[in-house]
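Residue-level structural notes
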Amino acid sequence: MGFACGIVGLPNVGKSTLFNALTATAAAAAANYPFCTIEPNIGRVPVPDPRLDVLARLAKSAKVVPTQLEIKDIAGLVRGASKGEGLGNRFLASIREVDAILHVLRCFEDPDVTHVEGGVDPLRDAELVDTELLLADLESLERQRDGLVRRARGQDKEAKTRLELLERILPELGEGTPARNLALSAEERGLLRGFNLLTAKPVLYVCNVEEAAAATGNRWSEAVAAMAARRGARTVVISAAIEAELAQLEPEERKAYLETLGLEEPGLAKVIREGYALLGLITFFTAGPKEARAWTVPNGATAVEAAAQIHTDIAKGFICAEVISYEDYVRCGGEQGAKEAGRMRLEGRDYTIRDGDVCHFRFNV
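For clarity, every value in this text was computed on a predicted model and none was experimentally measured. Per chain, the residues get numbers from 1 upward, laid out in the order the sequence is written. Local features in a predicted model are, by the rule used here, given only for residues with pLDDT of at least 70; side-chain atom pairs are given and counted only at 80 or more, and totals for whole chains, interfaces and linings are based on all residues. Excluded from the side-chain calculations are hydrogens and water; all other atoms, namely the structure's heavy atoms, are used.

Comments concerning the overall build of the protein
For the purposes of this entry, the term helix denotes a DSSP run of H or I that reaches at least four residues, the term strand denotes a run of E that reaches at least two, and both are numbered from the N terminus. A tally of regular secondary structure across the protein gives 14 helices and 12 strands. Within the protein, buried positions represent 49% of all 365 residues. Contacts between residues were defined by any pair of non-hydrogen atoms, one from each residue, lying within 4.5 Å. Pairs at least 24 residues apart make up 68% of the contacts formed inside the protein by residues separated by at least 6 positions. By element, 50% of the accessible surface of the protein is carried by carbon and sulfur atoms, the whole surface being about 17400 Å². Only protein chains enter the calculation, and the probe is 1.4 Å; a residue is then buried if its accessible area is under 20% of its type maximum, exposed if over 50%, and partly exposed in between. Note on areas: these come from Shrake-Rupley sampling with a 1.4 Å probe, and a residue is covered only by the protein chains present in the view.

Here's the deal with the layout of surface pockets
Each pocket or cavity is described by its volume, and for the largest pocket that value is around 670 Å³. Grid points spaced at 1 Å and placed over the protein atoms alone form the basis of the search, with a cavity being a set where a 1.4 Å probe fits but cannot get out and a pocket an open set showing protein on both sides within 12 Å along at least five of seven lines. Lining residues have an atom within 4 Å of a point. Lining the largest pocket are 28 residues, and of these Pro46, Pro48, Arg254, Pro266 and Ala269 lie nearest its centre. Of all the secondary-structure elements, those providing two or more residues to the lining of the largest pocket are α1 (15–23), β2 (41–46), α2 (50–59), α8 (240–246), α9 (251–261) and α10 (267–278). Looking at side-chain class alone, the lining of the largest pocket contains 19 nonpolar, one polar and eight charged residues. Grid points are joined across faces, edges and corners, and a volume is the space filled by probe spheres set on the points. Each residue is assigned to one class: nonpolar for Ala, Val, Leu, Ile, Met, Phe, Trp, Tyr, Cys and Pro, charged for Asp, Glu, Lys and Arg, and polar for all the others, Gly among them.

Quick word on the packing of helix α5 (residues 157–174) against helix α6 (residues 186–193)
Look at α5 against α6: their axes get within 10 Å of each other, and the N-to-C directions meet at 90°. When the interaxial angle is binned, α5 and α6 end up roughly perpendicular. For the pair α5 and α6, the contacting residues are Thr161, Arg162, Leu165, Arg168 and Ile169 in the first and Glu188, Leu191 and Leu192 in the second. The axes are straight lines fitted to the C-alpha atoms, using for helices just the contacting stretch, and the angles between their N-to-C directions are given from 0 to 180°. Working rule for angles: under 35 degrees goes down as roughly parallel, over 145 as roughly antiparallel, 65 to 115 as roughly perpendicular, anything else as oblique.

Some points on the packing of aromatic side chains
Side-chain rings of Phe, Tyr and Trp (the six-membered ring for Trp) are treated as a pair once their centres are within 6.5 Å; stacked means planes under 30 degrees apart, edge-to-face means over 60, and tilted covers the remaining angles. Tallying each qualifying case throughout the model produces three aromatic pairs. With centroids separated by 6.4 Å and ring planes inclined at 15°, the aromatic side chains of Phe284 and Trp295 adopt a geometry described as stacked. Highlighted residues: Phe284 in strand β8 (residues 281–287) and Trp295 in strand β9 (residues 291–298), separated in sequence by 11 residues. Trp295 matches Phe284 in its accessibility class, with the two residues each being buried. The exposure class of Phe284 is buried, given its relative accessible area of 0%. Look at NZ for Lys and CZ for Arg. If either is within 6 Å of the ring centre and within 35 degrees of the ring normal, a charge sits over the ring. Residue placement shows Arg106 over the ring face of Phe108; its charged tip is 4.6 Å from the ring centre. Looking at Arg219, its charged tip hangs above the ring of Trp220, at a distance of 4.3 Å from the centre.

Observations concerning the environment of Asn41
Tracing the backbone through its elements, the reader meets Asn41 in strand β2. C-alpha of Asn41 to C-alpha of Lys72: the two residues are 31 residues apart in sequence and 5.4 Å apart in space.

Focus: the nonpolar core
Across soluble globular proteins, nonpolar side chains have a tendency to be buried as a group. In plain words, nonpolar cores are sets of buried Ala, Val, Leu, Ile, Met, Phe, Trp, Tyr and Cys residues tied together by side-chain atoms within 4.5 Å. In this structure, Leu69 and Ile71 are the most contacted members of the largest nonpolar core, which totals 52 residues. Counting residues in hydrophobic clusters, the runner-up holds 18 residues, among them Ile282, Trp295, Ala301 and Ala321.

Remarks on α10
Here a helix's expected span is defined as the number of its residues, less one, multiplied by 1.5 Å. With 12 residues, α10 should cover 16 Å at 1.5 Å per step; its first-to-last C-alpha distance of 16 Å lies within 8% of that length. Of all the positions in α10, only Gly267, Leu268, Ala269, Val271, Ile272, Glu274, Gly275, Tyr276 and Leu278 are classed as buried. Backbone geometry just downstream of α10 places Gly280 in the positive-phi region, at approximately 70°.

Observations concerning the pairing of strand β10 (residues 318–324)
The buried fraction of β10 is high, at six of seven residues. For two strands to count as paired, DSSP must find a minimum of two bridges between them. As judged from the six bridges shared by β10 and strand β12 (residues 358–363), these two strands associate in the antiparallel manner. Considered in β12, the bridge of Val323 is made with Cys359.

In structure tokens form, the structure reads like this:
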């Protein structure tokens, strides 16, 4: 699966603690000093979806297989990273490899945990990281412009088109506008992807608060939420310390612990769901006696593209898709009931998959 979110932020804001909790492993060393994460740690986490358990129960499935999201824990960034300070070059190279950014911001006081900037100020921290990414993008565009100019002089039409877009967006980035917020047409967005800009990646701000503020947030997380709203971004409030404790508990113990904290679900469930949505992904299902499984496709994917997620042979020999909406599947008590009620549809290869579709693909190879 090629969908990855990168956990980024300054050193000592809780990135590795969050990653450890997400993957329920100790793969990333969480320590009170900068750069304790040297190489990006990678884990795959199940995407929480209660619909899958309902389908499994109705289909009497022997196995339940959730869809997954890839998470990368990336070394902490410091001021001057765009010029190679700290582990800047490695940080920037790692972040280019992910599809979306989970930007962890420290929103808690703790005298025992040092702050690389000297004190807690999540808005300053967010600005610092965003500025470094913008500076890296500006440098990247300057390098790419030289090559495009040479090709455009050779009458390369594609280079001319890309160069025109580059010349238009360069001043806006220079004024502090991230690429994701540029006013562009759908066609220009497609061209923009070719520049592989860091600030074009969607961002979710993860506010790491103290345990007492996990359910309500605090003044710092509220300030981050206001900032994110102005930027058209979203936020999630979690306590990485709580999530780390939850990761070590059994399911029943976890439920009881959440109740004592006044939380309905782990913060990580919200982070994963928001990261999933951030990537523009939807879920479709397959359900039968052997297994109930959730599958990931980009929003707008066709039936044949969904079939390819299961197996390329199914896509090659695609005949049609038998589709039941999740709501109809549940309301009719399963596949047979949906068929009898006339709620199963036969769809062709160009049908656009909807979130929650329960599919069976007919194919012939």
